[in-house]
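What follows is each chain in one-letter form.
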Amino acid sequence: MTSRKLFHCIVALLILAGIGLGWLRHSRMGIPFLPGTHRPVWLAEARIDFIAQGEPVTVSLDLPDNPPGFSIFSEQAASPGYGFSILDNKGLRRGEWSIRYASGPQTLYYKLQVIPIPRGKTDEGGPPAEIEPIYWNAPEALAAGQLLEKAYAMSSSPESMTRELIKLLNKPEPGQNAALLLGETPLAPLLAKLLNYARIPTRIVLGLRLEDGRRNQQLSPLIEIHDGRHWRQFDPLTGVEGVPDDFLLWHQDGQSLLEVRGASHSTIRFAMMRQSIAATQLPYAVGDRSPLAFLGPQSLPVEEQNMLRMLLILPLGALVVVFMRIMVGVRSSGTFMPILIALSFLQTTLLPGLPSFVAIVALGLLLRGYLSRLNLLLVARIATIVIIVIFIILFSSLLGYQLGFNTGMTVAFFPIIIIAWTIERMSILWEDEGSREVLVQGGGSLLVAVLAYLLMRWPLMVHLSFHFPEINLITVALILMMGNYTGYKLSELRRFRALFPRLGP
Amino acid sequence: MRWLVGLKQLQELGILGMNCRNIDFIGRYNRRSLYQLVDDKLRTKELAKRHGIPMPRLLFTLKEQHRVKHIGNLLESMSEFVIKPCKGSGGKGILVIGGREGEFFVKSSGAKLTLQDIQRHMSNILAGLHSLAGTPDTVMIEERIELDGRFEGYSYQGIPDLRVIVFQGYPVMAMLRLATRDSDGKANLHQGAVGVGLDLATGQCLNAVQRTLPLQRHPDTGKAFTDIEVPNWRELLVLTSRCYEMTGLGYLGTDIILDRQRGPLLLELNARPGLSIQVACGFGLLPRLRRVESLRKKHACAEDRVAYALSVLGAMNGKHATEMAP
Ligand SMILES: Nc1ncnc2c1ncn2[C@@H]1O[C@H](COP(=O)(O)OP(=O)(O)O)[C@@H](O)[C@H]1O
Ligand SMILES: [Mg+2]
């Protein structure tokens, strides 16, 4: 009894481990359970143009650092003749191009690929620095004071005050005060200035609104205010709070976005494009180094991956064989021969595969009939059959080629020795037990092979078995469980049908 | 859904299924290391000799390919013999020669074979064609047992053999297997022999089936099965029961052949006996097996076990069987 219990524990453990690891892999590494899932990748390109004046040029561009809601997948700079390096100054990254001599119009590119990820808490930047004193000229100071008073009256907190202020400044016909102020300063800096003036710590961040296929874009601003505990973001045009999902934060803090030394007329423009990447590639592309990724087959070179793909799908074939034999009771010739046939079907696909397999075996059986008259020893006979099979395959390949089917070649994938043995066994079976048994067992083998093939080719199964190798623990558990099944096989219904009271005599 | 009902019915009939047989009986009561005693007919013969269990006489054996060439001399003077692969099963590779016609060897079916045919058959056996795992095998030549007169007309061109399932030394179910034209002088059920279920208590016919279909008369001779009665029933059962001590196998299929003079002889033993015996008898094995399993104290000697089988197990026939199932 205790060994029974142990067995059940092991089975349960295997299943739990399979599901658990699979789930971990899914949730931690983001490998989807369904095949063919693609994740969007944004390609953003910054283009810097300037006119060099024949002296050393240094261009320094602020680069995104861990933009919230995105993960940087790759970045690169294209700039012929320029040295490029990324300087990391306490988490503030800047890209720096330099060249000893340049003159005339110059163009530099910086390309960045980012993947949207779930947005964490965007509470970076720490507490605000001291607010610097704000200076207005007299009419401005009056207008600002009146505007702030109005907004203050209609609000109850820093954030509602911000919203009101944004509303006032964005009215279709702004009041005299607003119009005056907007005449002097652009909207976002004005908002920051006003709010800072009202002693609400405020700063501007710049980011890229990701929109597929846009070119010649500029970074758009977002207002960040500190409400005493957190930084909160507002759209300066609409007053909507929060960072929009498509907002790629590029530039924060006081330093300038672009600095060009030794040149003039510098401009920066952005272009972006939406691309997609198979979701299964992501964790490895991003460079996940967790133990789970380490145990994933995708970390291997592609060639090994393909071999592993084959190996990892095999247990499913075994599962089918076990199921068909234990639960259904299909008789096949050779226990695991059907898997080998199924594997070769994977190479040839079912349509040329199945008929040509049957044809080769049938032809072989025919020739084997003559062989049995020759009074050969068994080993010699099988060896002869092997060679006959090779000739049949050669012939059908050539014939197929000449007739213009390139499918003719695919039969070469059949395991020749397996076919030879199949022919030999079938022919013995024929002699011993008649053609009926040959049909039953041959048909059984093919049925199991085709089912195994269908399962092993099912994209979902291919995907799961490869990307979640632990799923094979579940397969093992199922096989173990079936190995303990003492109930009836489906085929026994037929076998014992004479015993049924109603059906029997 | 219909098959679900069917599975339920099988259970009610106490039918032993393949999976249950393999796990609960063969797996539990037959030690692997003992298989070789019965999988190799030569070893069975040696073992039986030591235990004083009668078997058909072994004429000679053949182990080497090169001796096949000279086999003609040995067979020259022989007209009746049986060729078997030592590790064969299910009647495969068995050649029953019933007489000579000049050069030719005549099978019991009447088909004629040349010496060459025989030699090829032997070399196939040696190469392992009929053996369980395809491993090289030995040919054994055995005396041919002649039909007991009381079975005249029941078996077509071959000797009937008796299959008794012996569980932990208790005979639990028996059937008579009769050769037919289909089965080619051999009495193996799946080759088309008729299975006649026997009443364990008396050795009388219960009913008969061929390839799972019930029948009343022999398909070739037309003789009705109803008045079959196996002679020396108790003695025969004791013989089968003793095979338990001989091999140590708990779940055993014993094949008995009835010789005209010597009476019951052990033909061979089987560590994985088939399930068709249940179809021949018309009820399942499970209730009887469970009954024996539930015996607190097993009988130590074969005679007592047979007595128990005759009185208690033999009474668990048909419908009755399910009622008494634990
Ligand atoms: N010595 C023999 N004389 C006559 N018939 C035999 C003899 N041995 C075997 N046979 C026939 O061959 C059949 C199968 O023989 P058996 O020894 O049980 O081999 P298997 O293990 O292949 O079943 C028997 O049922 C019987 O009909
Ligand atoms: Mg037998």
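What you are looking at is a predicted structure, and each value in this text was computed from that prediction instead of being measured.

Visitor: What is the right way to read the coordination of the magnesium ion (ligand 2) from this model?
Guide: Octahedral metal centres with six donors ideally show angles of 90 or 180 degrees, and tetrahedral centres with four donors ideally show 109.5 degrees. Residue and element names in this part refer to chain B. Every protein donor of the magnesium ion (ligand 2) is listed here as Asp 255 (OD) and Glu 268 (OE), and their distances to the metal cover 2.1 to 2.4 Å. In this pair, Asp 255 is assigned in strand S12 (residues 251-259) and Glu 268 in strand S13 (residues 263-270), connecting sequence segments 13 residues apart. For the pair Asp 255 and Glu 268, a shared accessibility class is recorded, and that class is buried.

Visitor: Would you take a moment to explain the packing of aromatic side chains for this structure?
Guide: The relative placement of two aromatic rings is captured by the distance of their centres and the angle of their planes. Tallying each qualifying case throughout the model produces 16 aromatic pairs over all chains. Seen in terms of ring centroids, Phe 345 of chain A and Phe 357 of chain A are 6.2 Å apart; in terms of plane orientation they differ by 85 degrees. Their pairing is edge-to-face. One end of the pair, Phe 345 of chain A, is in helix H9 (residues 337-348); the other, Phe 357 of chain A, is in helix H10 (residues 350-371), with 12 residues separating them in the sequence. Judged by relative accessible area, which is 5%, Phe 357 of chain A ranks as buried. Seen from their ring centres, Phe 167 of chain B and Tyr 251 of chain B are 6.3 Å apart, and the 65 degrees between their planes marks the pair as edge-to-face.

Visitor: In this structure, what is going on with the pairing of strand S4 (residues 83-89) of chain A? I would like to understand it.
Guide: Remember that side chains alternate between the two faces of the sheet whenever the strand is regular. Here 7 bridges tie S4 of chain A to strand S5 (residues 92-99) of chain A, and the two strands are oriented antiparallel to one another. Within S5 of chain A, the position partnered with Leu 87 of chain A by the bridge is Arg 94 of chain A.

Visitor: Before we go on, may I ask you to explain the site of ligand 1 in this structure?
Guide: Residues and elements named next belong to chain B. If you check the shell around ligand 1, you find 22 residues, and the closest are Lys 84, Gly 91, Glu 143, Asp 161 and Glu 268. Taking Lys 41, its side chain carries an N or O atom lying 2.9 Å from an oxygen atom of ligand 1. Backbone polar atom of Ile 159 to an oxygen atom of ligand 1: 3.2 Å apart, as the coordinates give it. Contact with the protein chains hides 99% of the accessible area of ligand 1, taken as 550 Å² for the molecule alone. Those elements that place two or more of their residues in the shell around ligand 1 are strand S2 (81-85), strand S6 (139-143) and S13. By residue class, the composition of the shell around ligand 1 is 6 nonpolar, 6 polar and 10 charged.

Visitor: Even after reading the chapter, I still don't get helix H14 (residues 459-467) of chain A, so can you show me in this structure?
Guide: Since the α-helix packs 3.6 residues into each turn, any two residues three or four apart lie on the same face. All names here are of chain A. Summarising burial for H14: 7 of the 9 residues are buried, a large majority. Those residues of H14 lying buried are Leu 460, Met 461, His 463, Leu 464, Ser 465, Phe 466 and His 467. Considering only its buried residues, H14 is in contact with helix H1 (2-29), helix H8 (302-328), helix H13 (435-457) and helix H15 (471-482).

Visitor: Quick question: what am I supposed to make of the sheet that holds strand S4 (residues 104-107) of chain B here?
Guide: For sheets, the rule is that strands pair by backbone hydrogen bonds, running either parallel or antiparallel. Read from one edge of the open sheet, 6 strands run S1-S6-S2-S3-S4-S5 (chain B), paired in antiparallel fashion. The sheet is open, and its two borders are formed by strand S1 (58-62) and strand S5 (112-113) of chain B, each paired with just one other strand.

Visitor: Got a minute to help me understand the interface of chain B and chain A in this structure?
Guide: Accessible area lost during the coming together of the parts is what is often quoted as the interface size. Taken together, the contact pairs 38 residues of chain B with 30 residues of chain A. Here chain B and chain A share an interface that buries about 2,900 Å² over both sides, 64% of which is from carbon and sulfur atoms. Counting across the interface, chain B meets chain A through 0 salt bridges. There are 8 residue pairs in polar contact (both at pLDDT 80 or more) connecting chain B and chain A. Elements supplying a minimum of two residues to the side of chain B that touches chain A: helix H1 (2-12), helix H2 (18-29), helix H7 (115-127), strand S11 (213-215) and helix H9 (277-281) of chain B. If one sorts the elements of the side of chain B that touches chain A by residue count, H1 of chain B sits on top with 6 residues.

Visitor: I would appreciate a short explanation of the packing of H9 of chain A against H13 of chain A in the present structure.
Guide: Packed helices, taken two at a time, are described by the angle between their axes plus the distance between the axes. All names here are of chain A. Orientation of H9 relative to H13, taken along the N-to-C sense of each, is 50 degrees, at an axis distance of 8 Å. For the element pair H9 / H13, the angle class is oblique. Once H9 is placed against H13, the crossing between them reads as right-handed. In contact with Met 337, Pro 338, Ile 341, Ala 342, Leu 343, Phe 345 and Leu 346 of H9, H13 contributes Ser 445, Val 448, Ala 449, Val 450, Ala 452, Tyr 453, Met 456 and Arg 457. Residues belonging to the contact of H9 with H13 are distributed by class as follows: 13 nonpolar, 1 polar and 1 charged.

Visitor: What's the story with the nonpolar core in this structure? I'm lost.
Guide: Nonpolar side chains tend toward joint burial in soluble globular proteins. With 88 residues, the main nonpolar core has Val 196, Phe 225 and Trp 233 of chain B as its most contacted residues. If we skip the residues at most four places from it in the chain, Val 196 of chain B touches Ala 174, Met 175, Leu 176, Leu 178, Cys 205, Asn 207, Ala 208, Phe 225, Ile 228 and Ala 280 of chain B. Counting 49 residues, the second largest nonpolar core, distinct from the first, contains Val 320, Val 328 and Ile 341 of chain A together with Ala 127 of chain B.

The rules behind the values
- Residues numbered from 1 in each chain as written.
- Chains lettered and ligands numbered in written order.
- Predicted model: local features only at pLDDT ≥ 70, side-chain atom pairs only at ≥ 80, totals over all residues.
- Heavy atoms only, no water.
- Donors = N, O, S within 2.8 Å, 3.2 Å for Na, K, Ca; no water.
- Helix = DSSP H or I, 4+ residues; strand = E, 2+ residues; numbered from the N terminus.
- Buried < 20%, exposed > 50% of the residue type's maximum accessible area, 1.4 Å probe, protein only.
- Phe/Tyr/Trp six-rings, centres within 6.5 Å; stacked < 30°, edge-to-face > 60°.
- Pairing = 2+ DSSP bridges.
- Near = heavy atom within 4 Å.
- Polar contact = N/O pair within 3.5 Å; in protein donor to acceptor, adjacent residues only side chain to side chain.
- Areas by Shrake-Rupley, 256 points an atom, 1.4 Å probe, with all protein chains shown as cover.
- Nonpolar A, V, L, I, M, F, W, Y, C, P; charged D, E, K, R; others polar.
- Contact = heavy atoms within 4.5 Å.
- Buried area = accessible area lost by both parts, 1.4 Å probe.
- Salt bridge = Lys/Arg side-chain N within 4 Å of Asp/Glu carboxyl O.
- Axes fitted to C-alpha atoms, helices over the stretch in contact; angles between N-to-C directions.
- Parallel < 35°, antiparallel > 145°, perpendicular 65-115°, else oblique.
- Left-handed = near helix turned anticlockwise from the far one by under 90°.
- Core = buried A, V, L, I, M, F, W, Y, C linked by side-chain atoms within 4.5 Å.

Everything listed here is a matter of coordinates, which is why it stays silent on function.
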